[in-house]
Amino acid sequence: MSETIHIYHTNDLHSHFANWPRIKSFLAERKRWHEEEGDVCLVLDIGDHVDRSHPYTEGTAGKGNILLLNEAGYDAVTIGNNEGITLSKEELDDLYVQADFDVVVSNLFDFQGNRPTWAKPHQIIRTKSGTRIGLVGATAEFTPFYRKLGWQITDAKESISQSVEAIKDETDLIVCLSHLGIKDDELLAERCPQINIILGAHTHHVFHDGKWQGDTLLGAAGKFGFYIGHITVEKEFKKTSARLIEVSQLCEVQENFDEHLVEQGKIQMNELVFQSDKKLKAEWFKDSELATLFGEAMIEFTGADCALFNAGIFMEDIHEGAMTRYNFHKMLPHPINPCVVELSGAELKEIYLQSLNSEWPQLELKGMGFRGVVFGKMIHLNMELIDRRFYIGGRQVVHDQTYQLVTLDMLTFGYFFPSLKRATKTYFMPEFLRDVFGQYFHNKAIK
């Protein structure tokens, strides 16, 4: 290998576009510099570029993100869980139709065992000097969610190992695009030492100077476009280094870019859902008519006996007048799905009592699909505790009888209610909360 290889990488942008013009300008400039010097420049994204909490992404079903990646000259990407499980199967199959880059993901298949036509388990890039750079990649194993959407997701580390085995004799350098998280990256480096570089994502971790795990260099650039990662490989791989470029320190190139994309998304979603005859106020710390109607919508949609959710999900009021798909998106921007959990009467009472935790309403929650500010009050619909007796739908609960609780998928991950993680669950996909709520009002309007 005579030339120096420069690898620039981003991850977990989550449709935070404010920094995108700086990122795009910087990458174009660096690519020009390196190619003028006769060096190699690769630009890679490690997943979760798409996030449907942004109106532009929602309005374009993610295709706007692909256009931005094309314009910035990306060479290859892998998918994150936001590409994989917040889009329907049809939307994901259509997402990369116009991509000018390779999509490297080895552990995604349909139910017939076929890999999607847009995905490659590995890719080999040959430089002008003949250096062979192998790319492998995989995404996190959100197995029940993928299955519900019509996909099979296989063991990520095993699929990467198989890809490495397939190309190791045909490559001089192997780079892994891993949307698995820091712990899995460390395990992968031990399991598969033939990988020279692992570019990480998913857990939003930051390695300012990279991290060596044996002879494998791990790189990670945080989240939201705050950093661009830069890996330099030279002198027959004997000199490999990593650093992060802080995007906020780069020159401003285009003001109000994010606002421009928001307006485009608003135009895309200017579809009337219903005409509201009054204002319904979003309340984070107390019961409200808005929350009651939302609970009714969830119960009607799923057929559950009762509902439980946090009031912090409501980011906007329902205003008087025309309510469009854009308005519902602003009110409920979260990529969160409804989930029905089967519980005994005794278990449901325990969940109810746990939900009265006085510290939760003020909790500043980040992640798990939540795109709000604070957790907010827990809202209960069709369930109440009176004189130590627990009632569902006005009837006293039978301890060993099975009931169905509809809640938010994020509340089933075990952080707030460990027992919900173990319980039998049915996730409703690809419908988000805003879809269910919007359809509820639409149905009422046409009756």
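Preceding block: the structure.
Thresholds applied
- Residues numbered from 1 in each chain as written.
- Predicted model: local features only at pLDDT ≥ 70, side-chain atom pairs only at ≥ 80, totals over all residues.
- Heavy atoms only, no water.
- Salt bridge = Lys/Arg side-chain N within 4 Å of Asp/Glu carboxyl O.
- Helix = DSSP H or I, 4+ residues; strand = E, 2+ residues; numbered from the N terminus.
- Buried < 20%, exposed > 50% of the residue type's maximum accessible area, 1.4 Å probe, protein only.

### Topic: the pattern of salt bridges
Pairing is possible between side chains that carry opposite charge, provided their charged atoms lie close to one another. For the structure shown, the criterion picks out 20 salt bridges. Ionic pairing is found between Asp 51 and Arg 371, a salt bridge with its closest N-O pair at 2.7 Å. Separated by 320 residues along the polypeptide, Asp 51 in the loop between strand 2 (40-45) and helix 2 (55-60) and Arg 371 in the loop between helix 12 (345-354) and strand 20 (378-381) bring together distant segments of the chain. For Asp 51, a relative accessible area of 1% puts it in the buried group.

### Section: unusual backbone geometry
Pro 430 follows Met 429 through a cis peptide bond whose omega is 10°. Looking at where Pro 430 falls in the secondary structure, it is placed in the loop between strand 25 (424-427) and helix 14 (433-446). You will see that His 202, though not glycine, has its phi angle at about 80°, which is positive. Residue placement: His 202 occurs in the loop between strand 11 (197-200) and strand 12 (206-213). Given the relative accessible area of 23%, His 202 is considered partly exposed. A positive phi angle is found at His 204, which is not glycine, with a value near 60°. Relative to the elements of secondary structure, His 204 occurs in the loop between strand 11 and strand 12.

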